[in-house]
Amino acid sequence: MDTGTEGEAGPPEWVGLLGGLLTLRRLLLALWMSLFAVVTAVVLALTAGPGWAALGGFWLVVLAWGWVLLGRNWRSWRYAERADDLLISRGVMWREQTVVPYGRMQLVEVTSGPLERRFGLATVQLHTAAAATDATIPGLAPEEAERLRDRLTELGEARSAGL
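Computed from a prediction, not measured in an experiment: that's the story for all the values here.

About the criteria used
Residues numbered from 1 in each chain as written. Predicted model: local features only at pLDDT ≥ 70, side-chain atom pairs only at ≥ 80, totals over all residues. Heavy atoms only, no water. Axes fitted to C-alpha atoms, helices over the stretch in contact; angles between N-to-C directions. Helix = DSSP H or I, 4+ residues; strand = E, 2+ residues; numbered from the N terminus. Parallel < 35°, antiparallel > 145°, perpendicular 65-115°, else oblique. Left-handed = near helix turned anticlockwise from the far one by under 90°. Contact = heavy atoms within 4.5 Å. Phe/Tyr/Trp six-rings, centres within 6.5 Å; stacked < 30°, edge-to-face > 60°. Buried < 20%, exposed > 50% of the residue type's maximum accessible area, 1.4 Å probe, protein only.

So what exactly am I meant to see when it comes to the packing of helix α1 (residues 19-47) against helix α2 (residues 58-76) here?
Packed helices, taken two at a time, are described by their axes: the angle between them and the distance between them. Two numbers describe how α1 lies on α2: the axes approach to 9 Å, and their chain directions differ by 165°. Viewed along their axes, α1 and α2 adopt a mutual orientation that is roughly antiparallel. When you trace α1 past α2, the crossing you get is right-handed. Listed contacts from α2 to Gly19, Leu21, Leu22, Arg25, Arg26, Leu29, Ala30, Met33, Phe36, Ala37 and Thr40 of α1 are Trp59, Leu60, Val62, Leu63, Gly66, Trp67, Leu70, Gly71, Asn73 and Trp74.

What exactly am I supposed to notice about the packing of aromatic side chains here?
The description of an aromatic ring pair uses the distance of the two centres, along with the angle that the planes make with each other. By the definition in use, this model includes 3 aromatic pairs. Geometrically, the ring pair formed by Phe58 and Trp59 is edge-to-face, given 5.0 Å between the ring centres and 70° between the ring planes. Overall, Phe58 belongs to the partly exposed group, its relative accessible area being 48%. Given the relative accessible area of 25%, Trp59 is considered partly exposed. Within the aromatic cluster, the residues linked to one another by ring pairs are Trp32, Phe36, Phe58 and Trp59.

In C-alpha cells form, the structure reads like this:
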C-alpha cells in the first residue's frame, strides 16, 4: 500500500507516543484489577467459604494479560505529518490507518484530564466534516500537542476545501 503524498520522496516519518501514556494505563489497570480481586475474594469468603476466595485471583490473571496487551497497543500508535495530510496508525490485530487531509479539518482540540496532566500528557482531537474521519492522537507531551494543533490549524486554513 502506497502511503506517500504526490510529490513527496520517501516514506512518512512516523512519531510514536510518550511512555507516560503506557504508565498511566497500566497504573489504572493495576488499581482496578487489584480492587476487583480484593472485593471478589472478600465477597466469596463471606458468602461461599474461604476456599472460594481464591477465585479473586482471576482478576490478577486479567491484570497480567492486560499488562501485555496494553504494551502492544501502545507500541502500535503512531502518526506522521505529510505535505497534504496527517496519517494516524494504530491497532495490533486489526490495523487501522486514518488519513486526514489538512483542507478537510474543521476543528483541532487539545484536551488533558486530571490524570493526563499529572503524567504530563495531552490528547489532540481532529474534527472533520465527516464524523467517521474524526481522529484522536492520545499521549502527547502538552508542548507537542499545542505545536501540532497550531500547525494543523495553519495548514487547514491554508488548504481549506471551501466546505
